[in-house]
Amino acid sequence: MSFAVLTALLGFAFVSTVTPGPNNLMLMASGANFGFRRTLPHMLGILGGVTVMALLVGAGLMAVFDAVPALTVMLKVLCVGYLLWLAARIAMAAPPEDRAADSRPMTFRQAALFQWVNPKAWAMCLSAVTLYAPDRSLLSVAIVAGAFALVCLPAISVWTWLGTAVRQWLSNAARLRAFNVTMAILLVASLYPVLGLGA
């Protein structure tokens, strides 16, 4: 892979991970509700999940979806259902003082597994492998996965930080409720472009 292609890949990975989508909207909500430190496992789970997904997509998972188009439809239905459930949870989240003692942000494992029902993660990985590892060689697929591993954490940290920055302002229960409902609506709206509903 040439330096120019590698630079383009890093740019693609950064832009696709820093722009709004389910991960970033959930991180912003988590930062606002739980703080940066408690959201760190969620962030690391996204990093791990996207990196593994890129590796597996390049290693042959993409061919399975090409061979069985019905799987793509099933995946979209699963993604939409899970994101709607998550949006409902975010919208109905209680203020910190009313939360149950077991209320907590996503764990590393939950966030890593979430990538498999995150339509934007699928779109990012499928596009990256198609564009930057067309030969599907182990080296080129590893470079694509490595690019996501390198830029993901700095890119998504911005969203968690934004959530923590507004945390004090959201100490008012009515503002927190409005914020959580807005994040839930944006999470649902994020389905529009990645599912190709505009086409």
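All residue numbers refer to positions counted from 1 along the written sequence of the respective chain. Local features in this predicted model are restricted to residues of pLDDT 70 or higher, and side-chain atom pairs are both shown and tallied only at a pLDDT of 80 or more, whereas totals for entire chains, interfaces and linings draw on every residue. Side-chain figures throughout are based on the complete set of non-hydrogen atoms in the structure, without hydrogens or water.

For the chain, an unreviewed UniProt entry supplies the name Threonine/homoserine/homoserine lactone efflux protein and the organism Rhodovulum bhavnagarense. Database annotation for the chain, UniProt heading Subcellular location (unreviewed entry): "Cell membrane". UniProt positions are given in the numbering used here, feature names are shortened, and annotations may be inferred rather than shown by experiment.

A.B. asks: Quick question: what am I supposed to make of helix α7 (residues 138-165) here?
C.D. replies: Because the α-helix completes a turn every 3.6 residues, residues three or four places apart line up on one side. End to end, α7 covers 41 Å across 28 residues, agreeing with the expected 40 Å (1.5 Å per residue, within 8%). The angle separating two fitted axes, one through the seven residues that finish at a residue and one through the seven that start at it, defines the bend at that residue. Every helix listed is a DSSP run of H or I at least four residues long, and every strand listed is a run of E at least two residues long, numbered separately from the N terminus. Largest kink in α7: about 40°, centred on Cys152, with the proline Pro154 one to four residues after it. Expected span of a helix: the number of residues minus one, times 1.5 Å.

A.B. asks: Would you explain the UniProt feature "transmembrane region" (unreviewed entry) in the chain in this entry?
C.D. replies: Per the UniProt record, "transmembrane region" (unreviewed entry) is found at residues 44-65, 77-94, 138-162 and 174-195. Within the segment residues 44-65, helix and strand shares are 100% and 0% respectively, and the terminal C-alpha atoms sit 27 Å apart. The distance separating the terminal C-alpha atoms of residues 138-162 is 37 Å; by composition the span is 100% helix and 0% strand.

A.B. asks: Hey, could you run me through the environment of Val158 in this one?
C.D. replies: By the element assignment, Val158 lies in helix α7. With a relative accessible area of 39%, Val158 lands in the partly exposed category. Separated by 74 residues in sequence, Val158 and Leu84 place their C-alpha atoms 24 Å apart. Between buried and exposed lies partly exposed: a residue is buried under 20% and exposed over 50% of the maximum accessible area for its type, with that area taken using a 1.4 Å probe on protein chains only.

A.B. asks: How should I be thinking about the nonpolar core in this particular structure?
C.D. replies: Generally speaking, soluble globular proteins have nonpolar side chains that are buried together. In these notes, a set of buried Ala, Val, Leu, Ile, Met, Phe, Trp, Tyr and Cys residues joined through side-chain atoms within 4.5 Å is what counts as a nonpolar core. Within the largest apolar cluster, 51 residues are counted, with the highest numbers of intra-cluster contacts made by Val144 and Phe148. Among the secondary structure elements, those contributing two or more residues to this core are α1 (3-18), α2 (22-34), α3 (36-67), α4 (69-91), α5 (108-114), α6 (119-132), α7 and α8 (173-189). Every residue pair with non-hydrogen atoms within 4.5 Å of one another is taken to be in contact. Leaving out residues up to four positions away in the same chain, Phe148 has contacts with Phe12, Ala13, Ser16, Thr17, Leu47, Val50, Thr51, Ala54, Met124 and Ala128.

A.B. asks: Teacher, can you tell me more about the side chain of Gln115 here?
C.D. replies: Examined against the element boundaries, Gln115 turns out to sit in the loop between α5 and α6. Note on Gln115: relative accessible area 0%, which makes it buried. The residues contacting Gln115, other than those within four sequence positions of it, are Asn23, Ile46, Gly49, Val50, Met53, Ala121 and Trp122.

A.B. asks: Looking at this model, I keep getting lost on the confidence of the model for the chain. Mind explaining?
C.D. replies: It should be kept in mind that the predicted coordinates are not to be read in detail where pLDDT is low. For the chain, the average pLDDT comes to 85, and 91% of its residues sit at 70 or higher. Model confidence for the chain, summarised as mean pLDDT per element, is weakest for helix α9 (residues 191-194) at 64 and strongest for α5 at 96. The predictor attaches a confidence to each residue, called pLDDT, with possible values from 0 through 100.

A.B. asks: What's the story with the state of the cysteines in this structure? I'm lost.
C.D. replies: Linking two cysteines covalently through their sulfur atoms gives a disulfide. When two cysteine sulfur atoms lie within 2.5 Å, the pair is treated as a disulfide. Across all of its chains, the model carries zero disulfides by this definition. Looking at the unpaired Cys125, the closest cysteine sulfur is the one in Cys152, lying at 9.6 Å.

A.B. asks: Help me out: how do you make sense of the packing of aromatic side chains in this one?
C.D. replies: Centre distance and the angle of the planes are the two values used to describe a pair of aromatic rings. Stacked, tilted and edge-to-face are the three classes applied to pairs of Phe, Tyr and Trp rings, where Trp contributes its six-membered ring and a pair requires centres within 6.5 Å; stacked means planes under 30 degrees apart, edge-to-face means over 60, and tilted covers the rest. Under the counting rule described, the total for this entry stands at three aromatic pairs. Ring plane angle 80° and centroid distance 6.5 Å describe the contact between Phe12 and Phe148, whose orientation is recorded as edge-to-face. Of this pair, Phe12 sits in helix α1 while Phe148 is found in helix α7, placing the two residues 136 residues apart along the sequence. Ring centres of Trp116 and Trp122 lie 5.5 Å apart, and the angle between their planes is 75°; this geometry places the pair in the edge-to-face category.

A.B. asks: How should I be thinking about unusual backbone geometry in this particular structure?
C.D. replies: Backbone geometry follows two general trends: most residues other than glycine have a negative phi, and most peptide bonds adopt the trans configuration. Within the chain, Arg136 stands out as a residue other than glycine whose phi angle is a positive 60°. Note that Arg136 resides in the loop between α6 and α7. Taking relative accessible area as the criterion, Arg136 reaches 33% and is therefore assigned partly exposed.

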